[in-house]
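# Coordinate inspection notes
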Amino acid sequence: SLVSLGIIRKAFKAKPTPAREDQKAPAIEVLKAIEGKPVRFRINDPPDSSSAWVGIYPSGAKDQDHGEEGERWKWLRDMNLKRASFPEKSEGRWSIRVFSDGGFTPDERVDFDILPEKERWWED
């Protein structure tokens, strides 16, 4: 029985499961959102426009309430989109919004919570 288990195990290793095409990475991934630390995120498949930008907002804020450049918004062309960040923000519900032009044409949005480190027990 151990021999047959070894053969079955070897057969499963030999045939890797192909990745499903519908399991695409989200447009915006929040990597770290802890009170008192910079908010780290990644933008997958960004807009092509050279005037595209990203902002971080209190969740209920209007798109036009973008605050100061560098603190609350940045041009995508000036960022490393795989390791992007904004300066630390207060505890609460926030959103990161990507705009496809120099105006307020929304492309993507993700809402998330900034919590104190001790409340993020599910992260290691």
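Presented here is an overview of the structure given in this document. (Residues numbered from 1 in each chain as written. Predicted model: local features only at pLDDT ≥ 70, side-chain atom pairs only at ≥ 80, totals over all residues. Heavy atoms only, no water.)

### Quick notes on the overall build of the protein
Here is the rule: Secondary structure is summarised from DSSP: a helix means a run of H or I of at least four residues, a strand means a run of E of at least two, and numbering begins at the N terminus for each. When a residue's accessible area, from a 1.4 Å probe over protein chains only, is under 20% of the maximum for its type it is buried; when over 50% it is exposed; and in between it is partly exposed.
Across its full length, the protein holds one helix and seven strands. When the helices and strands of the protein are read in sequence order from the N terminus, they spell out α-β-β-β-β-β-β-β. Looking at the protein as a whole, 28% of its 124 residues qualify as buried.

### Here we look at the sheet that holds strand β7 (residues 106-114)
Our working rule: Any two strands are treated as partners once DSSP identifies two or more bridges connecting them. Simply put, an axis is a line fit to the C-alpha atoms, just over the touching stretch for a helix, and the angle between two N-to-C directions goes from 0 to 180 degrees.
Here four strands make up an open sheet; going across it, the order is β4-β3-β6-β7 and the pairing antiparallel. Each of the sheet's edge strands pairs with one partner strand only, and the pair in question is β4 (73-75) and β7. Adjacent strand axes in the sheet meet at a mean angle of 15 degrees, parallel and antiparallel pairs treated alike. Bridge count for strand β3 (residues 53-58) against β4 is three bridges, and the pairing is antiparallel. Bridge pairing in β4 places G55 opposite W73.

### Regarding the pairing of strand β6 (residues 92-99)
Judged by how many residues are buried, β6 sits mostly within the fold: six of eight residues are covered. Where β3 lies against β6, six bridges are found, and the strand directions are antiparallel. Counterpart to I56 in the pairing with β6 is I96. The sheet contact formed by β6 and β7 spans eight bridges and is antiparallel. Each bridged residue has a counterpart across the sheet, and for I96 the counterpart in β7 is V110. The turn linking β6 back onto β7 is made up of six residues.

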